[in-house]
Amino acid sequence: MVEGVFVKLPSFPFLNPAVSPSFPNCRLGFRRFSASLSAVVKEGSVSLGHSTRPDFPILHQEVNGSKLVYLDNAATSQKPTAVLKALQNYYETYNSNVHRGIHYLSAKATDEYELARKKVAAFINASDSTEIVFTRNATEAINLVAYSWGLSNLRAGSEIILSIAEHHSAIVPWQTIAQKTGAILRFVSLDENEVPDVEELRGMISERTELVVVHHVSNVLGSVLPIENIVIWAHAVGAKVLVDACQSVPHMVVDVQGLDADFLVASSHKMCGPTGVGFLFGKSNLLLDMPPFLGGGEMISEVFLDHSTYAEPPSRFEAGTPAIGEAIGLGAAIDYLSGIGMQKIHDYEMELANYLYEKLCSVPNIRIYGPKPSDNIHRAALCSFNVENIHPTDLATFLDQQHGVAIRSGHHCAQPLHRHLGVNASARASLHFYNTREDVDEFIRSLDDTVSFFNSFK
Amino acid sequence: MEQLPPKLQEIIKLFQSVEEPKAKYEQLMFYGKNLNPLDTQFKTRENKVEGCVSQVWVRAYLDQDKNVFYQADSDSVLTKGLAALLVNGLSGRPVQEVLRISPDFAVLLGLQQSLTPSRNNGFLNMLKLMQRKALELLIEAEKGDGSSGNGQIANDNSEKPVENSTLDSKVDEDSGVGFSSSKNGEDSSSGLGSRGTRIKKKLEKELSPIELEVEDVSYQHAGHAGVRGSDGETHFNVRIVSKEFEGKSLVKRHRLIYGLLDEELQTGLHALSIVAKTPSEVEAK
């Protein structure tokens, strides 16, 4: 692990909240921060990006005549050979249905599946593997909480607090539940740093609050929320907290006991695991009281014609044959990530995050959304941005076609956030530990070329 | 290709002559730049092409000869270029001609390589919206005329453009609305286009059948390789009863038919499904 030395910075003047940030919005002072940090980190061994790249076969290809530069990791991550092998091995040697069979293959499949559950539990420091429910993805996990916990715990006048920067999957299910129960949704806006206003959130929490739904790391703003504090404030009024950890679990150490979160969700495909599986962490006492979400096989105890009794958690919430191979693949992904160490991954990505932000600032007329990095504001290794007078889709198309650079353009499943920012869409480059500084350099070079091309046409 | 509006054919030829993707972009953006602006009052929900990548609006109106004209706009330069391409290619043409356009022509532009799949979908959705609007305008106009005889609409695919007012953004693999032109006195009840009619006439002339059915089933095959780059009349079912088949084996009968339709096969007819019988074989049943 590379040691970082913290450089004391001049404090940044905050933007005048009355003036909405416009083009361009990068501060010169920031460059000094990144330069010092990277000067320290650079010496020594090969970077994490370079050392792990060989593990990801998909990265070594050309698209449209250029080397692929994959910068869409917030949408989905790539999978290392170890995960691919685990999947193949499962289907080749011991594929069998779990929990019900007597025979050898089925016993092995069950063992590996349950071992994967234990791995997830250990990865996020849950106290027991029965607190991990395998779902199809984080979206399904949130729906599970909404329909199961929400319908039985919310009533007319109950308040659910969210931020306007939440992903649609963390908003839409609650809209449905609010309609059904008469609960009220309240939204926290952004502060002058373009981060959800934590003070406003604190102020909104009252005895009417039953649930707080927040992201850990924003997939658009790159900001990190102080979950421990939010949980403390929520618990003080008896409210629960659901943490959307899709952008945090793959990139940093997440400790559900340390956070004291009540519910936490994540998707496998964003953390180097296969698609088709995700998980819900729920505290034991909460899961025990929750009625089933989907009904069917596996989640029952006894079935009669007119009624059934249900299994204990987590089985109660896992109806039907699960994505067995995929869960095992997720276990392999966790092994791979743990082998590197999440702290090491986080430190490397912080360096990349700062480098990306600094380099993007050099693009004329660019507007990057979210907070400016500083010693007390850390950004994730992603930047959503717009370049004045150029549609982000045009940018993304040209970057792909002419340079093989893969970024995303759109609202990134955060329409309310984009509406607040006053734009229809943004472009987004998002990195993972197998990206390198050279990837960032290539991205910026290509972006400069792209911007020149479109500007020359005006 | 010959079925496409003349301006569109020109545009296609132009794009085919430009090989380098970057230059195609420039051409596209040039079209977009010269597009007439669309008044804000027309940027309505009904005029919006669905899809989340960029905003596109299309407005359509008819002149007194019932030719359809279009205006469009987009906040994305490349999408505006695509919209301009369609506006230029389709404006001023009779509704029937616009409706006959199969989205397959997009491949001819060679832009598919240069454009992301979702943008391509936007292109297809734009075209579909333009076709739907043209049809709706025509129906409105003809209601106003009080005439229902002209313009018999034969829908040979499952899409119902009039009733379904919500436009979904997934790519509809069906080719454009099949339309029979009753003006030329062709067989409007069977819904055959020009190729179908040619096939029928040829077989009638050469084989003097006592029974002949020609059915255009191209829509069933829309989307696979054989159909791309054609005008949509690619697959037919033929049932023919003729004395000419007497004494000929099944293979010889099929060869005979293929021989008569050789020109069609060279120009885009992809497959025939043939039932060829003699009168005695039919009576025997």
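All values reported here derive from a predicted model rather than from experimental measurement.

Undergrad: Got a minute to help me understand the overall build of chain B in this structure?
TA: A count of helices and strands for chain B gives 10 helices and 6 strands. For chain B, with 285 residues in total, the buried portion stands at 47%. The contacts of chain B with a sequence gap of at least 6 include a subset with a gap of at least 24, amounting to 67%. By element, 47% of the accessible surface of chain B is carried by carbon and sulfur atoms, the whole surface being about 14,000 Å².

Undergrad: How do you make sense of the packing of helix 4 (residues 104-123) of chain A against helix 11 (residues 324-340) of chain A when you look at a structure like this?
TA: To describe two helices that pack against each other, one gives the angle between their axes and the distance between the axes. Residues and elements named next belong to chain A. One can describe the packing of helix 4 onto helix 11 by two numbers: an axis separation of 8 Å at closest approach and a directional angle of 45°. Compared by their axis directions, helix 4 and helix 11 come out oblique. The handedness of the crossing between helix 4 and helix 11 comes out as left-handed. Where helix 4 approaches helix 11, its residues Ala-109, Glu-112, Tyr-113, Ala-116, Lys-119, Val-120 and Phe-123 are matched on the opposing element by Ile-324, Ala-327, Ile-328, Leu-330, Gly-331, Ile-334, Asp-335, Leu-337 and Ser-338.

Undergrad: How should unusual backbone geometry be read in this particular structure?
TA: Apart from glycine, the bulk of residues carry a negative phi angle, and the bulk of peptide bonds sit in the trans form. All names here are of chain A. Cis geometry marks the peptide bond from Pro-313 to Pro-314; its omega dihedral reads 0°. By the element assignment, Pro-314 lies in the loop between strand 12 (308-310) and helix 11. At Cys-272, a residue that is not glycine, the phi angle is positive and equals roughly 70°.

Undergrad: Explain the sheet that holds strand 2 (residues 67-74) of chain B here, please?
TA: All names here are of chain B. Pairing in this open sheet of 3 strands is antiparallel, and the strands run 1-2-3 from one edge to the other. Sheet topology places strand 1 (56-62) and strand 3 (93-94) at the edges, where each strand pairs with a single neighbour. As paired strands, strand 2 and strand 3 are joined by 2 bridges and run antiparallel to one another. Residue pairing across strands places Asn-67 opposite Pro-94, the latter belonging to strand 3. Across the sheet, helix 3 (residues 77-90) touches strand 1, strand 2 and strand 3, and the angle it forms with strand 2 is around 170°.

Undergrad: Just to check I follow, could you spell out the confidence of the model for chain A for this structure?
TA: A low pLDDT means the predicted coordinates there should not be read in detail. Residues and elements named next belong to chain A. Taken as a whole, chain A shows an average pLDDT of 91; of its residues, 91% reach a score of 70 or greater. In the predicted structure, residues 1-21 sits below a pLDDT of 50 and forms 26 contacts with residues beyond four places in sequence or in another chain. Counting contacts from residues 28-41, a segment whose pLDDT is below 50, to residues more than four positions away or on other chains yields 25 contacts.

Conventions we followed
- Residues numbered from 1 in each chain as written.
- Chains lettered and ligands numbered in written order.
- Predicted model: local features only at pLDDT ≥ 70, side-chain atom pairs only at ≥ 80, totals over all residues.
- Heavy atoms only, no water.
- Helix = DSSP H or I, 4+ residues; strand = E, 2+ residues; numbered from the N terminus.
- Buried < 20%, exposed > 50% of the residue type's maximum accessible area, 1.4 Å probe, protein only.
- Contact = heavy atoms within 4.5 Å.
- Areas by Shrake-Rupley, 256 points an atom, 1.4 Å probe, with all protein chains shown as cover.
- Axes fitted to C-alpha atoms, helices over the stretch in contact; angles between N-to-C directions.
- Parallel < 35°, antiparallel > 145°, perpendicular 65-115°, else oblique.
- Left-handed = near helix turned anticlockwise from the far one by under 90°.
- Pairing = 2+ DSSP bridges.
- pLDDT = per-residue confidence, 0-100.

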